[in-house]
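Coordinate inspection notes
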Amino acid sequence: NAGVTQTPKFRILKIGQSMTLQCTQDMNHNYMYWYRQDPGMGLKLIYYSVGAGITDKGEVPNGYNVSRSTTEDFPLRLELAAPSQTSVYFCASSRQTGYEKLFFGSGTQLSVL
Amino acid sequence: DQQVKQNSPSLSVQEGRISILNCDYTNSMFDYFLWYKKYPAEGPTFLISISSIKDKNEDGRFTVFLNKSAKHLSLHIVPSQPGDSAVYFCAASAGNNNDMRFGAGTRLTVKP
């Protein structure tokens, strides 16, 4: 009963490096989301997807890219990492688009130095 | 724009007593509210929700109260248990999960 699985759990990047945060869910949910959480702040939506092949920007999309080639996977790409991208990243999914709880992964702690 | 605010970063209560966590929102379009619980090194997990057509929703030891005129909701935990020690996030949406906004969280510590 895996739910939403994120890898890696921790990562340290140097400024300017790139990386992909992986997210997969086994609940057959169409809706998937990427959030970041900064200290003392609420979760902020980076990108979301309403189904395979369809993605859209959230509140804080700059510096990130996503793709959704399958229902299960929703990777988040960081290009040219910057210290401002140091954060905890959470992937989530939901069965419906609204009036619905989100299922979260366990998070990726990313530091950009 | 902090549309959802949890003004208490932390709360400490004695085991067996009531825990009351508060949340305020500014967007009058919000009509669905949720509480999530988060343990260290884990993702948030859903706890309880309420829609704007209700003013109270109860699930076991957890009750959420909604005061629409004050744009305020609260989570009551009775009785509090040490296993309830976690960070609690309030969230609100206006019908679409991509509009969901989260508070900064309140760290609850329940002392034995």
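Summarised in this report is the structure supplied together with it. Computed from a predicted model, the values in this text were never measured in an experiment. (Residues numbered from 1 in each chain as written. Chains lettered and ligands numbered in written order. Predicted model: local features only at pLDDT ≥ 70, side-chain atom pairs only at ≥ 80, totals over all residues. Heavy atoms only, no water.)

As a further point, take a nonpolar patch on the surface. Residues and elements named next belong to chain B. Together, Ile18, Ile20 and Val78 make up a nonpolar patch on the protein surface, roughly 220 Å² of accessible area in all. Tracing the backbone shows Ile20 in strand 3 (residues 19–25). Since its relative accessible area comes to 36%, Ile20 is described here as partly exposed. (Patch = residues over 30% accessible without salt bridge, like charges linked within 9 Å, V, L, I, M, F, W, Y side chains within 5 Å. Areas by Shrake-Rupley, 256 points an atom, 1.4 Å probe, with all protein chains shown as cover. Salt bridge = Lys/Arg side-chain N within 4 Å of Asp/Glu carboxyl O. Helix = DSSP H or I, 4+ residues; strand = E, 2+ residues; numbered from the N terminus. Buried < 20%, exposed > 50% of the residue type's maximum accessible area, 1.4 Å probe, protein only.)

Our next topic: the pairing of strand 4 (residues 31–37) of chain A. Note on strand geometry: in a regular strand, side chains alternate between the two faces of the sheet. Residue and element names in this part refer to chain A. Here strand 4 lies mainly inside the structure; seven of its seven residues are buried. Across seven bridges, the pairing between strand 4 and strand 9 (residues 87–94) is antiparallel. Paired with Tyr31 across the strands is Ser94, a residue of strand 9. Pairing analysis gives five bridges linking strand 4 to strand 5 (residues 44–51), with the strands arranged antiparallel. Bridge pairing in strand 5 places Trp34 opposite Tyr47. A loop of six residues connects strand 4 with strand 5, the two strands running antiparallel in sequence, and Gly40 in this loop sits at a positive phi of about 75°. (Pairing = 2+ DSSP bridges.)

One recurring pattern in soluble globular proteins is that nonpolar side chains are buried together. Residues and elements named next belong to chain B. The biggest cluster of nonpolar side chains holds 23 residues, and the ones touching the most others in it are Phe33, Trp35, Leu73, Leu75 and Tyr88. Every element with two or more residues in this core is listed here: strand 3, strand 4 (32–38), strand 5 (45–51), strand 7 (62–67), strand 8 (72–77), strand 9 (86–93) and strand 11 (106–111). Every residue in contact with Tyr88, bar those within four places of it in the chain, is listed here: Gln6, Leu21, Trp35, Tyr36, Lys37, Leu47, Leu75, Ile77, Gly105, Thr106 and Leu108. (Core = buried A, V, L, I, M, F, W, Y, C linked by side-chain atoms within 4.5 Å. Contact = heavy atoms within 4.5 Å.)

Moving on to the interface of chain A and chain B. Contact residues are listed per partner, giving 22 residues for chain A and 22 residues for chain B. Here chain A meets chain B over a buried area of about 1,800 Å², counting both sides, of which 57% is carbon and sulfur. Counting the surface chain A buries against chain B, the share from its top three residues, Leu43(A), Tyr99(A) and Phe104(A), is 29%. At the junction of chain A and chain B, the tally comes to one salt bridge. For Arg101(B), the salt bridge identified is with Glu59(A), shortest N-O distance 3.8 Å. Counting across the interface, chain A meets chain B through eight residue pairs in polar contact (both at pLDDT 80 or more). No other element matches the three residues that strand 4 of chain A contributes to the side of chain A that touches chain B. For the side of chain A that touches chain B, the per-class residue count stands at ten nonpolar, nine polar and three charged. (Buried area = accessible area lost by both parts, 1.4 Å probe. Polar contact = N/O pair within 3.5 Å; in protein donor to acceptor, adjacent residues only side chain to side chain. Nonpolar A, V, L, I, M, F, W, Y, C, P; charged D, E, K, R; others polar.)

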